[in-house]
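For reference, the chains in residue letters:
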Amino acid sequence: MLRSMNSAISGMQAFQTDLDVVGNNIANVETVGFKQSDVQFADLLSQTMSLGTAGTASSSGSGGSSATTAMGGTNPEQVGLGVQVAATQMDMSQGPDETTGVPTNVAIQGNGFFVVTDGTNTYLTRAGNFSVDSAGNLVLPNGVIAEGYSSKPTGASTTQPSTEINVYQLAGVQQGSGNTVSNVSIGSDGSITATITNGTTTTTKVIGYLALAQVPNPQGLVSVGDNLFSASSPAAGTPTYWTPGQGTYGTLASGELEGSNVDLSQQFAEMIVAQNAYVANTHMIGTDNAILQALVNMKNS
């Protein structure tokens, strides 16, 4: 088979992946906290037809003897064998803020990820569309529970926060019998403030703190769907945990959500390039097919 046909097939496969990534980016243009990705390409190993040679310098003999004739060097002769997808790279830049006015909605301003759990596994996310469910848990729409601290820690740690944010437990009251926790809001430092009615006593106070996580390589995080990343992605590195506003950890904007960072104009441009490249590779296969057909006709004539 012609080498150009293999190259064209690899090109079609690579640009199909590119179109898949672009399609996913466009589909998630309104997804809270979504990070767009782009495809990185690399050429395949080239077939070496001949190695290059080094040139030789001329030298003069003694006593007027004849000189050695100089030879110029030659470059290698290589033919490329196509393209491959080297990586899909997430753009971890911050998306635009969208105002919701909901006091339990928060957007991270700067570095960090919220820490959430489904009771078995821990995940990281930039989506801050939290609400308080009927049991008093601070949850995302998919039901995972936010994790944090009952009191502000003094420093960052690699120890995962183990406190699931339940406003009744943090407030120290039993749900029901006239005991309520209301007006829950989240401050810029991750502090969770609530109005607590316990019997005939009503107080407003800070009952806990949201945790943020940082990883050495955010682009190495593995997406598991539902706006979540695995907290144990080997390429991302070991997470460290603290509260918002401490060290290099970002602060929180209450009543805001971080929108998708998908740039539609950029994605449309990439879609056009990928589409044209895909079609060009199909034309290459058509040309190769015509050449092979001509060879068959020559043999049969």
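Residues numbered from 1 in each chain as written. Predicted model: local features only at pLDDT ≥ 70, side-chain atom pairs only at ≥ 80, totals over all residues. Heavy atoms only, no water.

**Focus: the UniProt feature "domain: Flagellar basal-body/hook protein C-terminal" (unreviewed entry) in the protein**
Here, the residues flagged by UniProt with the feature "domain: Flagellar basal-body/hook protein C-terminal" (unreviewed entry) are residues 254–298. This span, residues 254–298, is 78% helix and 9% strand, and a straight line between its end C-alpha atoms measures 76 Å. (UniProt positions renumbered as here; feature names shortened; annotations may be inferred. Helix = DSSP H or I, 4+ residues; strand = E, 2+ residues; numbered from the N terminus.)

**Observations concerning the nonpolar core**
Among the nonpolar cores identified, the biggest contains 29 residues, and F114, F130, V181, I207 and L210 are the most heavily contacted of them. Breaking this core down by element, the ones donating at least two residues are strand 6 (106–109), strand 7 (113–117), helix 2 (167–171), strand 13 (180–186), strand 14 (191–198) and strand 15 (201–210). By residue number, the principal contributor to this core is helix 2, which donates four residues. Excluding its chain neighbours within four sequence positions, the residues that come into contact with F130 are T104, N105, V106, F114, V116, L138, V139, L140 and A146. Counting 14 residues, the second largest nonpolar core, distinct from the first, contains M90, F113, Y149 and A213. (Core = buried A, V, L, I, M, F, W, Y, C linked by side-chain atoms within 4.5 Å. Buried < 20%, exposed > 50% of the residue type's maximum accessible area, 1.4 Å probe, protein only. Contact = heavy atoms within 4.5 Å.)

**Some points on unusual backbone geometry**
Although it is not a glycine, D226 sits at a positive phi angle of roughly 55°. Along the polypeptide, D226 turns up in the loop between strand 17 (223–225) and strand 18 (228–230). Accessibility expressed as a relative area gives 56% for D226, which makes it exposed.

**Examining the layout of surface pockets**
Each pocket or cavity is described by its volume, and for the largest pocket that value is around 330 Å³. In terms of lining residues, the largest pocket is bounded by 23 residues, among which F34, K35, M90, S223 and F229 are the most central. Contributing elements (two or more residues each) for the lining of the largest pocket: helix 1 (3–27), strand 4 (83–90), strand 17 and strand 18. For the lining of the largest pocket, the class distribution of residues is seven nonpolar, 13 polar and three charged. A volume near 200 Å³ is recorded for the second largest pocket. (1 Å grid on protein atoms, 1.4 Å probe; cavity = no way out; pocket = protein on both sides within 12 Å on 5 of 7 lines; lining within 4 Å. Points joined across faces, edges and corners; volume = space filled by probe spheres on them. Nonpolar A, V, L, I, M, F, W, Y, C, P; charged D, E, K, R; others polar.)

**Points about the packing of helix 1 against helix 3 (residues 264–300)**
Each pair of packed helices can be described by the angle between their axes along with the distance between the axes. The geometry of helix 1 relative to helix 3 is characterised by a closest axis approach of 8 Å and an angle of 160° between their N-to-C directions. Classed by the angle they form, the pair helix 1 and helix 3 counts as roughly antiparallel. Of the two elements, helix 1 crosses helix 3, and the hand of that crossing is left-handed. Residue classes in the contact of helix 1 with helix 3 are distributed as 17 nonpolar, ten polar and three charged. (Axes fitted to C-alpha atoms, helices over the stretch in contact; angles between N-to-C directions. Parallel < 35°, antiparallel > 145°, perpendicular 65-115°, else oblique. Left-handed = near helix turned anticlockwise from the far one by under 90°.)

**So, a nonpolar patch on the surface**
A cluster of nonpolar residues, I291, L292, L295 and M298, forms a patch on the protein surface that exposes about 370 Å² of accessible area. With respect to the helices and strands, L292 occurs in helix 3. (Patch = residues over 30% accessible without salt bridge, like charges linked within 9 Å, V, L, I, M, F, W, Y side chains within 5 Å. Areas by Shrake-Rupley, 256 points an atom, 1.4 Å probe, with all protein chains shown as cover. Salt bridge = Lys/Arg side-chain N within 4 Å of Asp/Glu carboxyl O.)

**Re the pattern of salt bridges**
Scanning the model with the defined rule gives three salt bridges in all. Here D189 ties to K152 by a salt bridge, and the two come within 3.7 Å at their closest N and O atoms. Linking D189 in the loop between strand 13 and strand 14 with K152 in the loop between strand 11 (145–149) and strand 12 (163–164), this pair joins segments that are 37 residues apart in sequence. The exposure class of D189 is partly exposed, given its relative accessible area of 25%. One continuous salt-bridge network, built from bridges that share partners, spans K35, R126 and E258.

**Some words on the packing of aromatic side chains**
What characterises a pair of aromatic rings is the spacing of the ring centres plus the angle enclosed by the ring planes. Scanning the model with the defined rule gives four aromatic pairs in all. With 6.1 Å between their ring centres and 80° between their planes, F113 and F229 make a pair best called edge-to-face. You can see F113 sitting in strand 7 and its partner F229 sitting in strand 18, a full 116 residues away along the chain. (Phe/Tyr/Trp six-rings, centres within 6.5 Å; stacked < 30°, edge-to-face > 60°.)

**Let's talk about helix 3**
The terminal C-alpha atoms of helix 3 lie 54 Å apart, and with 37 residues this matches the ideal 54 Å at 1.5 Å per residue to within 8%. Listing the buried residues of helix 3 in full gives Q267, A274, A277, N281 and D288. Buried residues belonging to helix 3 abut helix 1. (Expected span 1.5 Å × (residues − 1).)

**Overview of the environment of Q78**
Structurally, the position occupied by Q78 is in strand 3 (residues 77–79). For the pair Q78 and Q47, spaced 31 residues apart in sequence, the C-alpha to C-alpha distance is 5.5 Å. In this structure, Q78 is in contact with S46, Q47, T48 and M49, ignoring residues within four places of it in sequence.

**Topic: the side chain of E147**
Positionally, E147 belongs in strand 11. R126 provides the closest opposite charge to the buried, unpaired E147, separated from it by 17 Å. Discounting residues that sit within four places of it in the chain, E147 has contacts with V115, V116, T117, T122, Q160, P161, T163, E164, I165, L210 and A211. (Lys, Arg positive; Asp, Glu negative; His and termini not counted.)

**With respect to the pairing of strand 15**
Where strand 11 meets strand 15, two bridges bridge the pair, whose relative direction is antiparallel. Bridge pairing in strand 15 links G148 to L210. Connecting the antiparallel pair strand 14 and strand 15 is a turn made up of two residues, with G199 showing a positive phi of about 75°. (Pairing = 2+ DSSP bridges.)

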